[in-house]
Every structure is written in structure tokens, then in C-alpha cells.
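Breakdown of the fold
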Amino acid sequence: MLKILKYSFYDLIRSRWSYVYFAFYLLLGFVLLFLNNDVSKAVITLMNVIIILVPLMGTMFGIMYFYNSKEFTELLLAQPLKRTSIFIGQYLGVATSLSLSLILGLGIPFLVYGIFKSEAILDFSLLLVTGGFLTFIFTAISFYIGLSNENRIKGFGYAILFWLFMAVIYDGLFLISLILFEEYPLDTFSLIASMANPIDLSRILILLKLDISALMGYTGAVFQKFFGTSWGLIVSLGVLFLWVLIPVLLIRRKALKKDF
Amino acid sequence: MKTPIIYIILFLVSTWTSVANTIEVCATCKVKTVKEAIEIASENDTILIKKGTYKEYNIDINKPLTIIGENYPVIDGELKGEIIRITADNVTLDGLFIINVGTSYTEDFSAVRVVKSKNFVIKNLVLEKLFFGIYLEKSSYGKVFHNKIIGDAKEEFNSGNGIQLWYSHHIEVDKNIITHVRDGIYLEFADHCSITNNISTDNVRYGLHFMFSNDDIYENNDFQNNGAGVAVMFSKKIEMYNNIFQGNWGTASYGLLLKEINDSKIKGNLFKENTTGINIEGSNRVTYSFNTFEKNGWAIKSRGACYTNIFSENNFLYNTFDLSYNSKLNDNKFENNHWSDYSGYDLDKDGIGDVPHKPVKLFSYVANRTPEAIILLRSLFIDIIDFSEKVSPVFTPNNLEDISPKMKRIVYDRN
């Protein structure tokens, strides 16, 4: 499995797209810091980018890589290799190289502008950690979608739809349900609902670390009480980890059962 | 013709002052305590308190005197009660260091209390470890100038206010520094007062608090990092000019709270980095002009029952929400403001945008209705619905718009 991981990783590292991805974040980081020299303000803007773009990129790269390397995968399957190690290895290769692009691409500009001297270092690391998690989650899901669909067009469609659902539609449904049930106490509901979506969870996790959390008033206080403690942080990172683990287990099950 | 008269007046004044005696108070003098000095002094005398520590409380100044401290003598109340009480007209207090005022839950002990007096001057005092600082009770025509009040209040229920005016009128409060008390300056039933050039910071509750006080003016004050900001309630004809409201950040904080305020003027103020810049409830006929709202959570939160207010030539810069409204009805006028959120254009280059600006975002409307929805702050979905609402308003008041938004930031000279 390690060998396949290494192979996929190097294959992607050499590919043009991961350079473009890396360069994009590098540029974004520098431009943001150049425009408002304030590290903690840049973290807020960056958050908006990360919670939308990172899942999208994870989804797109995952599904593209899966379909592109299909022939190679079939070749590997003919070899005396464990199926799980082939797919999990490939998945880990893609996800690791994407996270690396993200972390290096954003880390370098912030290092140059002195993140270590700034108080925003914790917020920034949380941003990178959630960014990494989101990459792993959405790549895993797109791999699973790729495995389940032989038809590329269908696979792409489902993957994009999944991203769209998590990034946009989910919040819409969330908002509608909040308005519909406004007469009921909604704190616990909104807490659970936001845990159930990794994008929302990441967003709230970062927002609560920033000053802006004071805008959230009473509801924010309820969330702060939960997420603000180390227990809350552990639980939410745990939930993010579950979001990685479940699709990976699904990939494993599918890979073992599937008839190639 | 004029000069001789001045000379005569000067002569009269000099003879008059020479009639008044000066009594010195110090550890080695004949008079060793302030109380003793007041007792032997006759009207219009000067009491000069030399440097030293005087452990006294319940000092009653019951005749017109000038009390001056030399090099800040310390008057230590030893937490036993009220320290100085002024009950006569024409009293001047100058240059004292007053500490350790007693705490009581039945009486408002204060460092200096002025009761039913006129024409007093309280200046250059330093007050520390206090319950209430300077308490003016049914007094008038006085001046509270250049004092420094440093409290150690932690909670609202067991702390007092820095400067309190109660049923007092025509008082000038100028150039004071007040920190760490409950309310920095508190006015209750105080009319025709002016509050100028004060710095009121880090107070547990309000930097400035107005209740039932009319025709007051406050100008060039600096209110920062107070528990809840500044509250102006149930008052009329208040003028607020060139003040700074900054850093009042917290879930229930605001720069300025207006409740039941009518016929007032708010001009040239800076509201920066507050959770809510101005929170308005039931205020009518108030004009807001040349104010700058910068980086607030909400620049203006209108809670309803606000009619015929005019907002003109204000700057709204980088606030999370510029305006929050909880009704569909609008009777307030917005004109010639500068909005950093404005996305229109100015083809004829006259400095005024060609497209009206709609300052209420749909999300701020939704968050008003369902407070839990605020949890979706900065979500992509919210940006999308905000945009679509902007293009074709459905929920927000249709006529709530600035028809002539300024393209450039409005520059206002505070002086």
C-alpha cells in the first residue's frame, strides 16, 4: 500500500495541476497579506476561500484522478496486490499531495509575513487543519463516487452535486428549517445540524475562534460554550475524523465487493 | 474710560481676597486635620492642605471655602464611609488624592458628594478605591473639571459610578478621566449639562449613561472598551458631537444605545469596532450626520418604533451589517451617505452613485427574525441569497434605500 501511495503521490507531485493548485494558494496568500498586511484579518478572508474552494478542489481532483488512472488501476488489479491497498493507497496519495499544496501554498506567505510573531498563529493552524480535513473528506467521497459509477459523466455529476449540496443547499435547508420551527428551541438542533456537515462545522469552528463570534449573540454563546472548550474542539475534530473514516471504509467495502 | 474701572475692580478683588484668611493644614502645623480647619475657618477662607496622609471621613464642608491640596495630599477614608460632603454654595475643591471610600448597599457612599449647592468647582482630584466617585445631588451651576477616577469595579451590583448627576442642572463635566467603575458618568434628571472632553474607558457597565435628562450636550468624549458602551435613554434634545465610541465588543455590547430619544442631533462621531454601533429603539426626529461607522458588527440596528430620523452624509465602512431593520415599514430617510458595500457606478462623474443603494441585507433581516440563523454567518448560501435580494428585494422594505450614495468617503473636519 505504501508503494502505491508513494507512486500516486509522486505522480501527482510531478503533475502540472498540483503546481497550479500550489501556485494558486501561494498567490492568494501573498495577495491577501499584501492587501491588508494584517495577519488576523487575512485569516477571515482565507476562511471564506478555504471552506468553499478546498472541498471543491478535493472533489474535482479526486474524481479526475480516479477516472484518469483507471487503466493503470486495472493493471494493478491484475497483479497479486490487495485491493484495499491499491485504492486506499491511491486515495491517500491524492489527498496528501493536495493537502501539501494547500499547507505549503498558504504556509509560505504567512511565514514570510511573520505568522509566528502574530497572535493569529492558533487560528491559522486551525484553518490549515480544517483545510486538510476537508481535503481528505471530499477526496474520499469523490473516490467512493468514482468507484460506484462506471460512467464518468454520471460520476462527475454526482461528485459536483455532492459538493454543491454540502456547500450551498445544505445551508439553505438548514435556514428554512430554522425559520419553519422558529417557535421551538433550536439550539441543540442547530448544534447537531452544523456538526453533520463538515463545511459548516469547519466554518463555525474557525468563526468562533475569531472576534466575529461576538456577532452571534445568544446563539453564538451557546455554540461557544460547546466549541470553545477543549472538549468541544476534540469532539468536532473527532467528527471531522469520522467524516474521513466513513467514506474510507465505504471505499474499502466497495473495492472488496466490486467486480472489475 | 474702561481701564480705570478694571483697576478699581482689581483693587476691590485684591482687598477682598486679602480679607479672606488662609489656613494651613499639615502634620506639624497648628491645625492637623481637615475637619478642624473647616470648623475654625470663616466664610470664603482658603484651606491649604500640605502633603501628607489624613485619615478622615464624613468631612462636611458647610460654608463657602476654597480647599486646595498642595502636592496631592492623601485623604484616606479607611473604607468607613463617605469622605467629603459639600453642603454650601461657592465651594472649590482642588488637588486632593482621595482613597478608600466605604461600600454600602443602603447608602451611596461617595468620595465627594455635593448636596443642594451652587457654583461649586471640583477640579484636579484623584480618586481611587471608591464606591461612588463624585456625586452631585440637587446641585447646579457647578464645574467638575480635570479629575481622575480610577475604580476597581468587577461586578455591577457592588460597584458605584464615577461621576453621578442626580436632579442637577447646568453642570459642566470637562476633561475627566474615568476608568474601572460601574458607569463612567451617570446622569439622572440632569438638564442643561455639558459633558466634554472626557475619557471614559474600561467601565463595567456604561461609559456614559443618561436617564430622563434633557437638553444636554456631549462632545469630544472618548468612550472605549466599556462593558456595554454608552446608553442614552428617555431623554430629549440631546446633542452628541465628535465623540469616539470604540471597542465595545461583546455579545450584549454596543457603541451607543438610544432608547426613547427624541429631537436629538448626532454628528461627527466615530463608531469603530463595536458589536453594534448604534442600537436604536423608539427614537424619533433624530438627525445623524457626518458620523463614521467603521468595522462594526452592525453599524445601525433599528429595533422599531423609529420614525422621521434622517441619516445623511455618514460613512459606512466595512461593517458586517450596515443596517438591521425588523419591520417592513420605513419612515426614515437615508441620503448622501457613503457605503463601502455600494456596488453601483457613477457614469456622469458627479460623485453620486447612479443606482440607489439598499443597505439592509436579507440575512440581517432573517437573523433578526430567527436569531439562531446567525450561525450561518459567512456561508456561501447566505451570500447568494443576499445577492438575489439585492437585485430584487422581496423581504426588506422597498423604499429603504439611499437614492444618492456618495462614491467617495465623506471627509469631515471634527474641529
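- Looking at an unreviewed UniProt entry, one finds chain B named Nitrous oxide reductase family maturation protein NosD, with Halomarinibacterium sedimenti as its source organism.
- Per UniProt, chain B has the following entry under Pathway (unreviewed entry): "Protein modification; protein ubiquitination."

- Going by what an unreviewed UniProt entry lists, chain A is known as ABC transporter permease and is assigned to Halomarinibacterium sedimenti.

1. Notes on the overall build of chain B
- Helix and strand content of chain B: four helices and 39 strands.
- Its C-alpha atoms give chain B principal-axis dimensions of about 85 × 60 × 30 Å.
- By the burial criterion, 55% of the 415 residues in chain B qualify as buried.
- If you take every contact in chain B between residues at least 6 apart in sequence, the share linking residues at least 24 apart comes to 48%.
- Here chain B displays about 18,000 Å² of accessible surface, and carbon together with sulfur accounts for 53% of that area.
- The average position of the 44 basic charges and that of the 52 acidic charges among the side chains of chain B differ by 1 Å.

2. Comments concerning the overall build of chain A
- When its secondary structure is counted, chain A shows eleven helices and zero strands.
- Listed by position from the N terminus, the elements making up chain A come as α-α-α-α-α-α-α-α-α-α-α.
- A compact globule built from 260 residues should have a C-alpha radius of gyration of about 18 Å, and chain A, at 19 Å, falls within 12% of that.
- If one aligns the C-alpha atoms of chain A with their principal axes, the spans along those axes are about 60 × 45 × 30 Å.
- Scored against the burial criterion, the 260 residues of chain A give a buried share of 52%.

3. Considering the interface of chain A and chain B
- Listed as interface residues are 28 residues of chain A and, on the opposing side, 24 residues of chain B.
- Taking both sides of the interface into account, the surface hidden between chain A and chain B amounts to around 2,400 Å²; carbon and sulfur atoms contribute 73%.
- Our count for the contact surface shared by chain A and chain B stands at one salt bridge.
- Its salt-bridge partner being Arg369 of chain B, residue Glu182 of chain A comes within 3.3 Å of it at the nearest N-O pair.
- Where chain A touches chain B, the interface holds five residue pairs in polar contact (both at pLDDT 80 or more).
- Counting residues per element, the ones that place at least two in the side of chain A that touches chain B are α3 (39-68), α7 (152-180), α9 (198-209) and α10 (217-227) of chain A.
- If you tally residues by element for the side of chain A that touches chain B, the top one is α7 of chain A, at eight residues.
- Split into classes, the residues belonging to the side of chain A that touches chain B amount to 18 nonpolar, four polar and six charged.

4. Examining the packing of α9 of chain A against helix α11 (residues 230-257) of chain A
All names here are of chain A.
- The geometry of α9 relative to α11 is characterised by a closest axis approach of 10 Å and an angle of 155 degrees between their N-to-C directions. It follows from the interaxial angle that α9 and α11 lie roughly antiparallel. Between α9 and α11 lies a crossing whose hand is left-handed. Each of Pro198, Leu201, Ser202 and Leu205 in α9 lies in contact with α11, whose residues at this interface are Leu233, Ser236, Val239, Leu240 and Trp243.
- When the residues that make up the contact of α9 with α11 are grouped by side-chain class, the tally is seven nonpolar, two polar and no charged.

5. Quick notes on the pattern of salt bridges
All names here are of chain B.
- Here the structure, examined in full by the defined rule, presents 18 salt bridges over all chains.
- One salt bridge connects Glu82 with Arg85, and the closest N-O pair in it is separated by 3.0 Å.
- Exposure remark for Glu82: the relative accessible area of 5% places this residue in the buried category.
- One connected set of salt bridges, linked through shared partners, spans Glu82, Arg85, Arg113 and Glu137.

6. Focus: the UniProt feature "domain: Carbohydrate-binding/sugar hydrolysis" (unreviewed entry) in chain B
- What UniProt calls "domain: Carbohydrate-binding/sugar hydrolysis" (unreviewed entry) maps, in this numbering, to residues 49-188 of chain B.
- The span residues 49-188 of chain B shows a helical share of 0% and a strand share of 43%, and its end C-alpha atoms are spaced 33 Å apart.

7. Some words on the sheet that holds strand β4 (residues 59-61) of chain B
All names here are of chain B.
- Ordered in space as β4-β7-β10-β13-β16-β19-β22-β25-β28-β31-β34-β37, the twelve strands form an open sheet in which the pairing is parallel. Only two strands of the sheet have a single partner each, and these edge strands are β4 and β37 (321-325). Looking at each pair of strands side by side, their axes are set apart by 10 degrees on average, direction ignored.
- Examined bridge by bridge, β4 and strand β7 (residues 84-86) share three bridges and lie parallel to one another. Each residue of the ladder has a partner; that of Ile59, found in β7, is Ile84.

8. Re the packing of helix α5 (residues 83-112) of chain A against α11 of chain A
Residue and element names in this part refer to chain A.
- Where α5 contacts α11, the axes come no closer than 9 Å and their chain directions differ by 140 degrees. Relative to α11, the element α5 lies oblique. Both α5 and α11 take part in a crossing whose hand is right-handed. Two secondary-structure elements touch here, α5 through Arg83, Thr84, Phe87, Ile88 and Tyr91 and α11 through Val244, Val248, Ile251, Arg252, Ala255, Leu256 and Lys257.

9. Focus: the packing of aromatic side chains
Residue and element names in this part refer to chain B.
- Counted under the stated rule, the structure contains 36 aromatic pairs over all chains.
- With 5.0 Å between their ring centres and 80 degrees between their planes, Trp166 and Tyr167 make a pair best called edge-to-face.
- Residue classification places Trp166 among the partly exposed residues on the basis of a relative accessible area of 25%.
- An aromatic cluster of three or more residues is present, and its members are Phe210, Tyr218, Phe223, Phe245, Phe271, Tyr288, Phe293, Phe311, Phe316, Phe334 and Trp339.
- Seen from the ring of Tyr57, Lys35 lies directly overhead, with NZ or CZ sitting 5.7 Å from the centre.
- Here the guanidinium or amino end of Lys143 rests over the ring plane of Phe145, the centre of that ring lying 5.3 Å away.

10. Some thoughts on the pairing of strand β5 (residues 66-69) of chain B
Residues and elements named next belong to chain B.
- Only one face of β5 is buried, namely the one carrying Ile67 and Gly69, since none of Thr66 and Ile68 on the opposite face is buried.
- Here strand β2 (residues 46-49) runs beside β5; their pairing, made up of four bridges, is parallel. Within β5, the residue paired with Ile47 across the bridge is Ile67.
- Sheet analysis places β5 next to strand β8 (residues 92-94), joined by three bridges and oriented parallel.

11. Remarks on a nonpolar patch on the surface
- Together, Tyr158, Leu161, Leu164, Phe165, Ile169 and Leu173 of chain A give the surface a local cluster of nonpolar side chains, amounting to about 520 Å² of exposed area.
- Along the chain, Leu161 of chain A falls in helix α7.

12. Section: the nonpolar core
- Within the largest apolar cluster, 90 residues are counted, with the highest numbers of intra-cluster contacts made by Leu46, Leu106, Phe110, Phe124, Leu127, Leu175 and Phe227 of chain A.
- In this structure, Val25, Ile84, Leu127 and Phe334 of chain B belong to the second largest nonpolar core, which totals 84 residues.

About the cut-offs
Residues numbered from 1 in each chain as written. Chains lettered and ligands numbered in written order. Predicted model: local features only at pLDDT ≥ 70, side-chain atom pairs only at ≥ 80, totals over all residues. Heavy atoms only, no water. UniProt positions renumbered as here; feature names shortened; annotations may be inferred. Helix = DSSP H or I, 4+ residues; strand = E, 2+ residues; numbered from the N terminus. Buried < 20%, exposed > 50% of the residue type's maximum accessible area, 1.4 Å probe, protein only. Contact = heavy atoms within 4.5 Å. Areas by Shrake-Rupley, 256 points an atom, 1.4 Å probe, with all protein chains shown as cover. Lys, Arg positive; Asp, Glu negative; His and termini not counted. Charge placed at Lys NZ, Arg CZ, Asp CG, Glu CD. Rg over C-alpha atoms; globule rule 2.2 N^0.38 Å. Buried area = accessible area lost by both parts, 1.4 Å probe. Salt bridge = Lys/Arg side-chain N within 4 Å of Asp/Glu carboxyl O. Polar contact = N/O pair within 3.5 Å; in protein donor to acceptor, adjacent residues only side chain to side chain. Nonpolar A, V, L, I, M, F, W, Y, C, P; charged D, E, K, R; others polar. Axes fitted to C-alpha atoms, helices over the stretch in contact; angles between N-to-C directions. Parallel < 35°, antiparallel > 145°, perpendicular 65-115°, else oblique. Left-handed = near helix turned anticlockwise from the far one by under 90°. Pairing = 2+ DSSP bridges. Phe/Tyr/Trp six-rings, centres within 6.5 Å; stacked < 30°, edge-to-face > 60°. Lys NZ or Arg CZ within 6 Å of the ring centre and 35° of its normal. Patch = residues over 30% accessible without salt bridge, like charges linked within 9 Å, V, L, I, M, F, W, Y side chains within 5 Å. Core = buried A, V, L, I, M, F, W, Y, C linked by side-chain atoms within 4.5 Å.

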